[in-house]
Each structure stands twice: as C-alpha cells, then as structure tokens.
Amino acid sequence: MKLKFYKYQGAGNDFVMIDDREKKFPISTELINRLCDRNFGIGADGLILLQNDENSDFRMVYFNSDGNESTMCGNGGRCIIRFAHDLDVANDKMTFNAIDGLHHGVVDQEIIRLQMIDVNEVEDHDKYLFMNTGSPHHVEFVENVKDINVYKKGKEIRNGAPYFEKGSNVNFVEVMSDNSLTIRTYERGVEDETLACGTGITAAAISAYVKNLVDKKDIKVKAMGGDLSVNFEENNHNFVNVWLNGPAVKVFEGEIEI
Ligand SMILES: N[C@H](CCC[C@H](N)C(=O)O)C(=O)O
C-alpha cells in the first residue's frame, strides 16, 4: 500500500505529517517507529495525524518516534498549523483539538503562533522545576549549556526518581539576559536530544519567570535548531494566554510503500 506523507520541521524538531481526514492510516507502534527511523524510514522525531474534528477545524494525534502515542507536542502543534494552512483545511486563524484540549493557532507570515494550555501547577524543587505544559517537563538552570552531556544526564533524569518508566522530558537552560534563554532538551519517547522541544521551551520560559531569572513576560528562547519566543500573562503563578511562537516549514512530500 502506498502512503502519501509530508515532512515538516519547526526549529529542527521534525515530523512526518499525514493527512488522515479519511481516518485510513493503519496506526501501529511498529509502523510509526519504522517511518520515523532515520535509516530505514523517512526519519523524524515524531509522526502527526491530521484528522477531522466536529468541534474545531481539525484534530491532531501525536506519536513519538518510538511509535507510541504521546502527550502534546508544541513544535508539532506549530507544524500542523502550517500543514492545515497549506492543505486549505484552515485559514490564518484556526482552532484544533489535541490530547490536552482545544488550541488556537495563527499563521503570521513566516511565524506560526500556538496557544498552549494554561499552567497552574509549577513545582519548584529549588535545584529543578517540574510542570506540565501539555507534556511533562523537568527544567534545570545551568551555566554553559553547550558543555552539558545532554544525552547522558538527560537519560539518567528521565528514567530516575521520581519519573521512572512514565518518564519526563528534561531541559537544561542557560539564562542569557533578562528576557532570553538558551535551551537543550532530552526528549522522552525520542530517547535522545532533539534540536528543539516546544513544550520544553514553554516550560523553560515559565520556570525562568518563576525563579525571577527574567523580568519579562515575552521571552526569547534559542534552541539548537532555531529561535522561538514564549509570551504569557501571569498572576500568582497561574500562567494563562501562553503562546509559543516560531518558524515551521514543509521540507518535502512523498510516497512510501507500507
Ligand atoms: N516527547 C514529548 C512529546 C513531544 C514534545 C516536543 N516534541 C514538543 O515540541 O513539545 C513527550 O512524549 O512528552
């Protein structure tokens, strides 16, 4: 069977995108893992289905490259906004449902803006913070983030207490100024460092604000694969109107025998 696919990337976090409005994609862990394999398949950090939805412009279903369905993907969310716009499924302003609820999206020329869920529970464990921005995120502030062994240290934290098998994404963040950060992320379900992680970038910006390491509510975040920004409103550590903004583009499209 021939499968039509599209390849998109948002700040280097890359995804196989499937127009699954007819709901014919044969979901299986083995197939998705194979399609995401960078030697034996198309190669990607994850796979995303665009499906019809009664209450919004479309539904997003996200799978990590390990083949398992997972929680919200921020960069994948920005890529599906660009994908829906390219398919004429939605206009410049759109809404879509994902595993963590309804999202608003905006196509603003080369910038794609994604509204994230509200964040009302930020755990500050002093040496690290933990929160759910649509996916679980452990955030640590470090000096020279470029010198961190992200794979080794990230894997240890992701699998250790208190996360264990369920795990968490792990972010190492360096403060560059009163409104800018540099981040590197070990991603659960990819089980490696990715070039950007949107829900992680969101968690890093909120963490920096909570720790008074930045004094703005519009924060620039440099990831290995590109530059994003996060803006939000806050009162009493309740974060609302949270937006993740940055580029998201189609790289190529094709067909593959499955
Ligand atoms: N790997 C994450 C989901 C994708 C997160 C990341 N790609 C993003 O852009 O938010 C998890 O299983 O929790």
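In case you missed it, the structure is sitting above this.
Presented here is a report on the structure given in the accompanying data block. Every value quoted in this text rests on a predicted model; they were computed, and no experiment measured them. In this convention, every chain numbers its residues from 1, walking through the sequence in written order. With pLDDT at 70 or above as the cut-off, local features in this predicted model cover only qualifying residues; side-chain atom pairs require 80 or more to be listed or tallied, and sums for whole chains, interfaces and linings still use all residues. As a rule here, side-chain values come from all non-hydrogen atoms in the structure, and water together with hydrogens is ignored.

### Let's talk about the layout of surface pockets
- Grid spacing is 1 Å over the protein atoms alone, the probe is 1.4 Å, and a cavity is where that probe fits but cannot get out, while a pocket is an open set with protein on both sides within 12 Å along at least five of seven lines and lining residues have an atom within 4 Å of a point. Grid points are joined across faces, edges and corners, and a volume is the space filled by probe spheres set on the points. What the largest pocket holds in volume is close to 230 Å³.
- Contributing to the lining of the largest pocket are 13 residues, with L3, I18, D19, D20 and K24 lying nearest its centre.
- Secondary structure elements are taken from DSSP: a helix is a run of H or I of four residues or more, a strand is a run of E of two residues or more, and numbering for both begins at the N terminus. Looking at the lining of the largest pocket, the elements with two or more residues in it are strand 1 (2-10) and strand 2 (13-19).
- The element best represented in the lining of the largest pocket is strand 1, accounting for four residues.
- Looking at side-chain class alone, the lining of the largest pocket contains five nonpolar, no polar and eight charged residues. Charged means Asp, Glu, Lys or Arg here, nonpolar means Ala, Val, Leu, Ile, Met, Phe, Trp, Tyr, Cys or Pro, and polar covers whatever is left, Gly included.

### Regarding unusual backbone geometry
- In this chain, A161 is followed by P162 through a cis amide linkage whose omega measures 0°.
- The phi torsion at Q109 lies on the positive side, around 55°, for a residue other than glycine.
- Position of Q109 among the secondary structure elements: in the loop between strand 6 (101-108) and strand 7 (111-115).
- For Q109, a relative accessible area of 64% translates into the label exposed.
- Of note, the phi angle at F164 is positive, near 55°, even though the residue is not glycine.
- Note on placement: F164 falls in the loop between helix 3 (150-159) and strand 11 (169-177). Partly exposed describes any residue whose relative accessible area lies between the buried limit of under 20% and the exposed limit of over 50%, with all areas from a 1.4 Å probe on protein chains only and scaled to the type maximum.

### Things to note about helix 4 (residues 198-210)
- How far a helix is expected to stretch is found by multiplying one less than its residue total by 1.5 Å. With 13 residues, helix 4 should cover 18 Å at 1.5 Å per step; its first-to-last C-alpha distance of 18 Å lies within 8% of that length.
- Most of helix 4 sits inside the fold, with 13 of its 13 residues counted as buried.
- With its phi angle positive at about 55°, N212 sits one or two positions after the end of helix 4.

### Some remarks on the site of the ligand
- Near is defined per residue: the residue qualifies when any heavy atom it owns lies within 4 Å of the molecule or strand. Taken together, 17 residues form the shell around the ligand, and within it S70, G74, R188, G198 and T199 come nearest.
- Definition of a polar contact: a pair of N or O atoms within 3.5 Å, with one able to donate and the other able to accept a hydrogen when the atoms are protein atoms, and with sequence-neighbouring residues admitted only if both atoms are side-chain atoms. The contact in question runs from an oxygen atom of the ligand to an N or O atom on the side chain of S135, over 3.3 Å.
- Under the convention used here, a 1.4 Å probe and the Shrake-Rupley method define accessible areas, while residue burial counts only the protein chains that appear. In isolation the ligand exposes 360 Å². Once the protein is present, 100% of that is buried.
- When each cavity is represented as a set of grid points, the ligand is found to reside in the largest cavity.
- The set of elements that each furnish at least two residues to the shell around the ligand consists of strand 4 (58-64), helix 2 (74-86) and helix 4.
- Among the residues forming the shell around the ligand, the class breakdown is five nonpolar, 10 polar and two charged.
- The domain limits used here are those given by an automatic or database domain assignment. Counting residues domain by domain, the shell around the ligand receives three or more from each of domain 1 (2-107) and domain 2 (122-247). Assignment of a molecule to a cavity or pocket requires that more than half of its atoms lie within 2 Å of the corresponding grid points.

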